[in-house]
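# Topology and contacts: notes
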Amino acid sequence: MTLTTKDRLVRAAAELLREGGRDALSTRAVSAAAGVQAPTLYRTFGDKDGLLDAVATYGFKSYLEGKHALGETDDPVRDLRRGWDLHVEFGLHQPAFYLLMYGEPRVREARQEADAMLRRIVERIAEAGRLRVPVEQAAQLVHATGMGVILSFLASPPGHRDPDLIIAAREHVIAAITTDSAKVDSAVPSRAIALKAALEKEHGDVLTPAEHAMLAEWLDRLARSSK
C-alpha cells in the first residue's frame, strides 16, 4: 500500500518520538525523515501543533486497538483491572507517546474515545449494582490514579520504581469505588447509582426529558448520601 505524504510524515514523527522523545520532533528532522521539504509539512498540518495532534492520534490508535482487543467479560470489575493494566503497560513502554497523548491540554477525538471506553466499564459496574460512587466521579478517580502512577514511575530512576505500587494503587482505587463481589450492595446510594446507569442506558418513552432530568438529579442526590 502506498502511503500518503501525511502518513509518511506521521510515521516518521512517531519513530523520532520513540527514539528521542518530543525534543526530537523538529520540523526539519521530521521532514528529512519523511523525505519531503519542510514547506510540505506546514501545508499538510498547518503548524507544528497540528503535527503533534496527528502523532498523538496515531498513538491513540495503537492504544485503542489494544483496548478493543480486550473485549468484555461477565465481570466488569475484572474488565476494569484488565483495562488499568493495559493502560499502565502502554504508558511505561511508550513514555514519549503517553506524555504527548495525555500531557497536552488540547482535547482530541481519540482521547474522547478512550475516556468513553473507561466510562462504559464503570457504567457496567454501576448497572451490576457494585458501584459506591457516581459514575463520573469513579471514572475520573480511576483515570487520575492511573495517570499519577505512570507519571510518578516515569519521573523516577528505573532502580527506584516499585512494581508493587502499581498493583496497590489499582486495588486501592477499585476498593474505593466498588463493593465486594460476593454480595451486591443493597444500600440506597449504590441502588441509586445502578438505577441512574440503567436510566441513562435506556429509558424509552416512559419519561419526558424534564422528568428524566429531575429523576437523574434525585438519584445523584441519593448517590451522594451517607450509607
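Note that the coordinates shown come from a computational prediction; the quantities given were computed from them, not determined experimentally. (Residues numbered from 1 in each chain as written. Predicted model: local features only at pLDDT ≥ 70, side-chain atom pairs only at ≥ 80, totals over all residues. Heavy atoms only, no water.)

## Thoughts on the confidence of the model for the protein chain
This is how the line gets drawn: pLDDT is a residue-level measure of predictor confidence that goes from 0 to 100. Strands here mean DSSP runs of E at least two residues long; helices mean DSSP runs of H or I at least four residues long; both are numbered from the N terminus.
Per-residue confidence for the protein chain gives a mean pLDDT of 84, with 78% of residues at or over 70. By mean pLDDT, the top-scoring element of the protein chain is helix α5 (residues 76-93) (95), and the lowest-scoring one is helix α10 (residues 188-201) (63).

## Observations concerning the packing of helix α1 (residues 5-20) against helix α2 (residues 27-34)
Quick note on the threshold: Fitted lines through C-alpha atoms give the axes, limited to the stretch in contact for helices. The angle between two N-to-C directions lies from 0 to 180 degrees. Crossings are classed by handedness, with left-handed meaning an anticlockwise turn of the near helix from the far one by less than a right angle and right-handed meaning a clockwise turn. Every residue pair with non-hydrogen atoms within 4.5 Å of one another is taken to be in contact. Three classes are used, and their members are as follows: Ala, Val, Leu, Ile, Met, Phe, Trp, Tyr, Cys and Pro are nonpolar, Asp, Glu, Lys and Arg are charged, and the others, Gly among them, are polar.
Interhelical geometry of α1 versus α2 gives an angle of 120 degrees and a closest axis separation of 8 Å. Like other packed secondary-structure pairs, α1 and α2 cross with a definite hand, here right-handed. Along the contact surface, α1 presents Arg8, Leu9, Ala12, Ala13 and Leu16, while α2 presents Ala29, Val30, Ser31, Ala33 and Ala34. Split by residue class, the contact of α1 with α2 holds eight nonpolar, one polar and one charged.

## Observations concerning α5
Test applied: By definition here, a helix of n residues has an expected span of 1.5 Å times n minus one. Exposure is judged per residue with a 1.4 Å probe applied to protein chains only, and the accessible area is read against the type maximum: over 50% gives exposed, under 20% gives buried, and values in between give partly exposed. As used in this structure description, the phrase polar contact means that two N or O atoms lie within 3.5 Å; if the pair is within protein, one of them must be able to donate a hydrogen and the other to accept it, and residues adjacent in sequence are counted only when both atoms belong to side chains.
Given a rise of 1.5 Å per residue, 18 residues ought to cover 26 Å, and the 25 Å separating the end C-alpha atoms of α5 matches this to within 8%. Looking at α5, one finds that the buried residues are Pro76, Val77, Asp79, Leu80, Gly83, Trp84, Leu86, His87, Val88, Phe90 and Gly91. Where α5 starts, the residue carrying a side-chain oxygen 3.0 Å from the main-chain nitrogen of Val77 turns out to be Asp75.

## Comments concerning the packing of aromatic side chains
Short version of the rule: Pairing of aromatic side chains requires ring centres within 6.5 Å, counting the rings of Phe and Tyr and the six-membered ring of Trp. Pairs whose planes differ by under 30 degrees are stacked, by over 60 edge-to-face, and all others tilted.
Inspection of every chain in the model, using the stated rule, returns five aromatic pairs. Summarising the aromatic geometry, the rings of Tyr63 and Phe90 are spaced 5.3 Å apart at their centres and angled 65 degrees between planes, so their arrangement reads as edge-to-face. Of this pair, Tyr63 sits in helix α4 (residues 48-70) while Phe90 sits in helix α5, and the two are 27 residues apart along the sequence. With respect to burial, Tyr63 and Phe90 carry one shared label: buried. Pairwise contacts between aromatic rings join Phe60, Tyr63, Phe90, Tyr98 and Tyr102 into one cluster.

## Structural notes on the pattern of salt bridges
Counted only if it meets this: What counts as a salt bridge is simple: a side-chain nitrogen of Lys or Arg found within 4 Å of a carboxyl oxygen of Asp or Glu.
All chains considered together, the criterion is met by twelve salt bridges. For Arg18, the salt bridge is made with Glu15, and the minimal N-O distance between the two is 3.4 Å. Here Glu15 and Arg18 lie together in helix α1, a separation of three residues that amounts to about one turn. A residue is classified by how much of its surface remains accessible, and Arg18, at 41% relative accessible area, is partly exposed. Of the charged contacts in the structure, one is a salt bridge between Arg130 and Asp75, with a shortest N-O distance of 3.7 Å. One end of the pair, Arg130, is in the loop between α7 (109-127) and α8 (135-154); the other, Asp75, is in the loop between α4 and α5, with 55 residues separating them in the sequence. A residue is classified by how much of its surface remains accessible, and Arg130, at 12% relative accessible area, is buried. Here the residues in one salt-bridge network are Glu72, Asp79, Arg82 and Arg124, joined through shared partners.

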